[in-house]
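# Understanding the architecture of this molecule
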Amino acid sequence: LKQQIKQGVPHGGVDPNEVAQLVGDQSGRGVDPAVTLAKNLQTDSLMRGAKEKLASQDWRGALSDLNTVLSHDPLNAPALTKRAEALNHLKLYKEAEGDARKALSIDGKNPASWQQLAWSLLKQKRFKEALEAINRAIELDPNSATSLAIRSYIKEALGDHAGALQDLERAALLDSRYRNA
């Protein structure tokens with residue numbers, strides 16, 4: 001473990017106390033860099049695990065990992081965004097909206113946070129707010145097939161069938177996953 005820490009190799013399940021014993025407080029300021037490093041490694045490991053669980057559609061597993069990350073660092077915007085994604089998949093749209101809004105209050109330039117907010121608003125039938133949110137995501141990343149696909153769903157809900165088709169066709173050109181949508 002000590003060698004991995006010196007090399008900066010991430011190690012899952014790091015016990016901050018074990019790292020502190022191995023490395024010790026070398027700062028002279030009372031802030032133990034080993035404990036900080038161990039917490040960062042643990043957070044990185046949990047975030048990687050959450051992303052893998054989201055990719056494999058283990059929404060509850062991802063939620064558990066993200067809850068742990070956020071219990072230590074409640075202002076972790078990427079974790080809030082990922083938790084909003086898990087909550088959206090679990091159909092907990094109001095909770096997803098809250099996490100997406102909190103993430104955006106920390107980092108308002110993350111298109112993924114705007115996407116999660118837009119999806120949660122769409123599913124709550126708050127279509128105009130959803131359109132505003134997804135338009136912001138598209139401003140930040142104009143070539144996001146996901147944002148364009150979300151906007152197509154929103155436009156369809158608003159009765160803009162031509163606009164929905166246009167966005168979906170553009171999304172399909174950018175990402176083949178949307179060709180049969």
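What counts, and where the lines are drawn
- Residues numbered from 1 in each chain as written.
- Predicted model: local features only at pLDDT ≥ 70, side-chain atom pairs only at ≥ 80, totals over all residues.
- Heavy atoms only, no water.
- 1 Å grid on protein atoms, 1.4 Å probe; cavity = no way out; pocket = protein on both sides within 12 Å on 5 of 7 lines; lining within 4 Å.
- Points joined across faces, edges and corners; volume = space filled by probe spheres on them.
- Helix = DSSP H or I, 4+ residues; strand = E, 2+ residues; numbered from the N terminus.
- Nonpolar A, V, L, I, M, F, W, Y, C, P; charged D, E, K, R; others polar.
- Core = buried A, V, L, I, M, F, W, Y, C linked by side-chain atoms within 4.5 Å.
- Buried < 20%, exposed > 50% of the residue type's maximum accessible area, 1.4 Å probe, protein only.
- Contact = heavy atoms within 4.5 Å.
- Axes fitted to C-alpha atoms, helices over the stretch in contact; angles between N-to-C directions.
- Parallel < 35°, antiparallel > 145°, perpendicular 65-115°, else oblique.
- Left-handed = near helix turned anticlockwise from the far one by under 90°.

## A look at the layout of surface pockets
Of the pockets and cavities examined, the largest pocket occupies roughly 450 Å³. Taken together, 15 residues form the lining of the largest pocket, with His-89, Gln-116, Thr-146, Ile-150 and Tyr-178 sitting closest to its centre. Breaking the lining of the largest pocket down by element, the ones donating at least two residues are helix H5 (77–89), helix H7 (111–123) and helix H9 (145–157). Partitioning the lining of the largest pocket into residue classes produces seven nonpolar, five polar and three charged.

## A word on the nonpolar core
Formed by 40 residues in total, the largest nonpolar core has its most connected members in Leu-117, Ile-134, Ile-154 and Tyr-178. Elements supplying a minimum of two residues to this core: helix H3 (33–55), helix H4 (59–72), H5, helix H6 (93–106), H7, helix H8 (127–140), H9 and helix H10 (161–174). Those residues in contact with Tyr-178, other than ones at most four positions away along the chain, are Ala-145, Thr-146, Ala-149, Leu-168, Ala-171 and Ala-172.

## Digging into the environment of Leu-140
Inspection of the secondary structure assignment puts Leu-140 in helix H8. Linking Leu-140 and Pro-111, residues 29 residues apart in sequence, is a C-alpha distance of 6.0 Å. Not counting chain neighbours up to four residues away, the residues in contact with Leu-140 comprise Gly-108, Lys-109, Asn-110, Pro-111 and Trp-114.

## Quick look at unusual backbone geometry
Within the chain, Lys-91 stands out as a residue other than glycine whose phi angle is a positive 65°. With respect to the helices and strands, Lys-91 occurs in the loop between H5 and H6. Positive phi, close to 65°, is recorded for Lys-125, a residue that is not glycine. Along the polypeptide, Lys-125 turns up in the loop between H7 and H8. Residue classification places Lys-125 among the exposed residues on the basis of a relative accessible area of 63%.

## Describing the packing of H5 against H6
Closest axis-to-axis distance for the H5/H6 pair is 8 Å, and the angle between their directions is 160°. With respect to H6, the axis of H5 lies roughly antiparallel. Classified by chirality, the crossing of H6 by H5 is left-handed. Residue-level contacts link Ala-77, Leu-80, Thr-81, Arg-83, Ala-84, Leu-87 and Asn-88 of H5 to Tyr-93, Glu-95, Ala-96, Asp-99, Ala-100, Lys-102, Ala-103 and Ile-106 of H6.

All quantities given are derived from atomic positions and should not be read as evidence of function.
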